[in-house]
Amino acid sequence: RVKSVFVPAAGKHIWAEFKFKIVDTFDKAEIFVGLSDVETAILASSANASDNHIGWQCVTDDGVLLFSAENAGAGATKAAATIAEDTYIKLGFHVNGVTSVDQYINGLKVGTSHVTANIPVVAMVPSFVCQSGGTNDPIMHIAGYRIFQLR
C-alpha cells in the first residue's frame, strides 16, 4: 500500500491494528504484518530484510510471532504471541512520537516493547508477507486493518 505513508515524528502518535489468520497450514509459514519501508522482499532467506519497520514477524516457520522494530538496521524483537491455524488474531501498536512503542494483542496492552533507538523515522507503508519456508502453501486472510497518525 505505497499510497498510505506513515512517518514517526516527535509529538505525532501512530495507532495501528491488524486482524488476520493463516489457513491451510501455518507450518513453515514465514509472516510479516505491520509497517515497513517499501521493500520487494521484506523477508528473505528466513530473515527480516527490511531496515526500517514496526510489526510482527515469524521467520522460524512455527507460528511464533515476535514484535519487531528496526531503525536504519538497528533493531530488536520482543515476545508477542503464537498463532493458531485458521484463527483470527488482532495485533496492534501505538507509536508515541519517537519515544516508545506499545504492543497490543487481541486488544490487551502487553507492555512497552520498543524505545527511541528502534523507531524508524522514514516513510513506511502497510505491509504483509505470507510465504513458505518449505513446500507448504500457507494463505493469509486479512480481515482488515486501520492505521491513524496525528498530523
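This report concerns the structure included in the present document.

Let's talk about the environment of Ser 127
Mapped onto the secondary structure, Ser 127 falls in strand 11 (residues 125–132). Among the residues examined, Ser 127 registers a relative accessible area of 7% and is labelled buried. Between the C-alpha atoms of Ser 127 and Glu 39, which are 88 residues apart in sequence, the distance is 9.0 Å. For Ser 127, the contacting residues outside a window of four places in its chain are Phe 32, Val 33, Gly 34, Ser 36 and Ile 42. Here Val 125 takes part through its backbone oxygen, which lies 2.9 Å from a polar atom of the side chain of Ser 127.

Thoughts on the pairing of strand 6 (residues 64–71)
Where strand 5 (residues 53–58) meets strand 6, five bridges bridge the pair, whose relative direction is antiparallel. Considered in strand 6, the bridge of Gln 57 is made with Leu 66. As consecutive antiparallel partners, strand 5 and strand 6 are separated by five residues, and within that stretch Asp 61 has a phi angle of approximately 60 degrees, a positive value. Sheet analysis places strand 6 next to strand 7 (residues 74–82), joined by eight bridges and oriented antiparallel. Within the sheet, the bridge partner assigned to Glu 70 lies in strand 7 and is Gly 75. Between strand 6 and strand 7, which follow one another and run antiparallel, lie two residues, and Ala 72 among them has a positive phi close to 50 degrees.

So, how was this worked out
- Residues numbered from 1 in each chain as written.
- Predicted model: local features only at pLDDT ≥ 70, side-chain atom pairs only at ≥ 80, totals over all residues.
- Heavy atoms only, no water.
- Helix = DSSP H or I, 4+ residues; strand = E, 2+ residues; numbered from the N terminus.
- Buried < 20%, exposed > 50% of the residue type's maximum accessible area, 1.4 Å probe, protein only.
- Contact = heavy atoms within 4.5 Å.
- Polar contact = N/O pair within 3.5 Å; in protein donor to acceptor, adjacent residues only side chain to side chain.
- Pairing = 2+ DSSP bridges.

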